[in-house]
Amino acid sequence: MSANMESTIMEKIVSLCKRKGFIFQSSEIYGGITSCYDYGPLGVEMKKNIKDYWWKNMVQYRSDIEGLDAAILMHPRVWEASGHIAGFTDPLVDCKKCKHRFRADQVDTPGVCPDCGGELTAERQFNLMFKTFMGPVEDAAAIVYLRPETAQGIYVNFLNVQQAARRKIPFGIAQIGKAFRNEITPGNFTFRTREFEQMEMQFFVKPGTDKEWFEYWKERRIQWYYKLGIDKDKLRFHQHNEKELAHYATAAYDIEYQFPFGTMELEGIHNRTDFDLTKHKEYSGKELSYFEEATKERFIPYIIETSAGCDRTLLTTLIDSYEEQELDNDTRIVLHLAPHIAPIKAAVFPLVKRDGMPELAHKIVDSLRLNYMVFYDESGAVGRRYRRQDEVGTPFCITVDSQSLDDQTVTIRDRDTMQQDRISLDKIAQYIAEKVAVPQI
Ligand code: GAP
């Protein structure tokens, strides 16, 4: 695929997102703010569905993981203990000529500006954490940070959760929430932004069992993407080498996806050893070790972390599911989204706006909307209505026609096969429920 074609696909996705209400540029009427995005009516539903799919598989469907929702602002000592104040930096260089700014590790020829060939400054270490002040006084004592990862909220609550939920090791704590990084080079739409949402799980294990659990979670997590319907051939593992490893990890794999702009990370799976709990024990002065009743051993648990990006997953599903088909002298755009993450599960159409068809269609909408997002549409030819739903990934379109009034049946059209089945009204709810259920990995 040529570079031009690749950029066209991204342009098409960005345009579709705005046109249909998945994603908007933040503060657009003021000219926008770099790398910040707002999720529109369809985007917010889809994001909710992705988080639900993650939560169900990481918490609800399991018996060994608890949920948590920790605050974004934390005690500043947390970030000293975690190593983020000293080490969460990227090497920054500026072009002396065009003034463009780069991450030094992303420049092909050291010292030379990739944009204009000008001379680059020496590297400076740039901390990626956003700072702000707590309370009315803006001095050094009042500095707090917007969390750059949700993980630390879990570590500082390790004992709270373990004791409150009366957990024995091994067990995990899962959390979904916002994280902030003052990235030097954000870009590729929502792929790298300065504000994003993470879905992280920290699994606490006995030292010595960590390698086994690491392998277990690697496998579970790739399965999660497979069941999201993402093309298996475009997913792969990438093992971190010594230079790539984060300051807290002894082993790490990324799950990567072949994006149109390169093969990049979707999720990180890390063996964080006892690094985090040891540091928090040292900096807080609180005992964070665990006593194993069965063996009478006391130890600091090792942590296996799975860290996924919600925004990145959503972008991946849009790119991966996008298809253009030439059909009846027209271009049919379809998002083949997995039904469980599609923003609208079913659209209901009266074939015509009379003879009691709208009334029956509304009745169907009212009964389904107690469980799902459904959409009523009576405007334009039914073919156009199908196309509008295909473009936003709605898996099922239900049409009420004259036969419906006689025999209490409707047609259900499948987005992917375009096949229409006729089913009775009392079977609709079960039909949809089976197809859109959140799968278990
Ligand atoms: N707690 C470990 C951690 O934060 P990470 O590899 O830095 O690990 C995990 O981040 C995931 O968070 C990434 O795989 C990605 O999906 C998402 N992520 C990280 N930085 C991001 C950014 N600037 N914009 C969007 N998503 C990001």
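Source: prediction; values computed, not measured.

J.: Help me out: how do you make sense of the packing of helix 2 (residues 41-60) against helix 9 (residues 310-321) in this one?
T.: Two quantities define a packed helix pair, namely the angle between the axes and the distance from one axis to the other. Contact pair helix 2 / helix 9: the axes reach a minimum separation of 10 Å and the direction vectors enclose 110°. In terms of orientation, helix 2 and helix 9 fall into the roughly perpendicular class. With respect to the hand of their crossing, helix 2 and helix 9 are arranged in right-handed fashion. Contacts between helix 2 and helix 9 pair Gly43, Met46, Lys47, Ile50 and Lys51 from the former with Cys310, Asp311, Thr313, Leu314, Thr317 and Leu318 from the latter. Split into classes, the residues belonging to the contact of helix 2 with helix 9 amount to five nonpolar, three polar and three charged.

J.: Got a minute to help me understand the site of the ligand in this structure?
T.: As a structural note, the neighbourhood of the ligand is formed by 22 residues, with Glu149, Glu183, Thr193, Glu200 and Glu265 the closest of them. Note that a nitrogen atom of the ligand is positioned 2.7 Å from one of the backbone N or O atoms of Thr193. Contact distances for the ligand include 3.0 Å between an oxygen atom and a backbone N or O atom of Gly309. Summarising the interface, the protein chains cover 93% of the accessible area of the ligand, which totals 550 Å² for the free molecule. Mapped by element, the contributors of at least two residues to the shell around the ligand are strand 10 (195-205), strand 13 (262-273) and strand 16 (302-309). When residues in the shell around the ligand are grouped by element, the largest group, six residues, is from strand 13. Taken together, the residues of the shell around the ligand break down into six nonpolar, six polar and ten charged.

J.: What's the story with the packing of helix 2 against helix 7 (residues 210-226) in this structure? I'm lost.
T.: For the pair helix 2 and helix 7, the least separation of the axes is 12 Å and the interaxial angle reads 145°. For the pair helix 2 and helix 7, the sense of crossing is right-handed. On helix 7, the residues that touch Ile50, Tyr53, Trp54, Asn57 and Met58 of helix 2 are Trp217, Arg221, Gln223 and Trp224. For the contact of helix 2 with helix 7, the per-class residue count stands at six nonpolar, two polar and one charged.

Conventions we followed
Residues numbered from 1 in each chain as written. Predicted model: local features only at pLDDT ≥ 70, side-chain atom pairs only at ≥ 80, totals over all residues. Heavy atoms only, no water. Axes fitted to C-alpha atoms, helices over the stretch in contact; angles between N-to-C directions. Helix = DSSP H or I, 4+ residues; strand = E, 2+ residues; numbered from the N terminus. Parallel < 35°, antiparallel > 145°, perpendicular 65-115°, else oblique. Left-handed = near helix turned anticlockwise from the far one by under 90°. Contact = heavy atoms within 4.5 Å. Nonpolar A, V, L, I, M, F, W, Y, C, P; charged D, E, K, R; others polar. Near = heavy atom within 4 Å. Polar contact = N/O pair within 3.5 Å; in protein donor to acceptor, adjacent residues only side chain to side chain. Areas by Shrake-Rupley, 256 points an atom, 1.4 Å probe, with all protein chains shown as cover.

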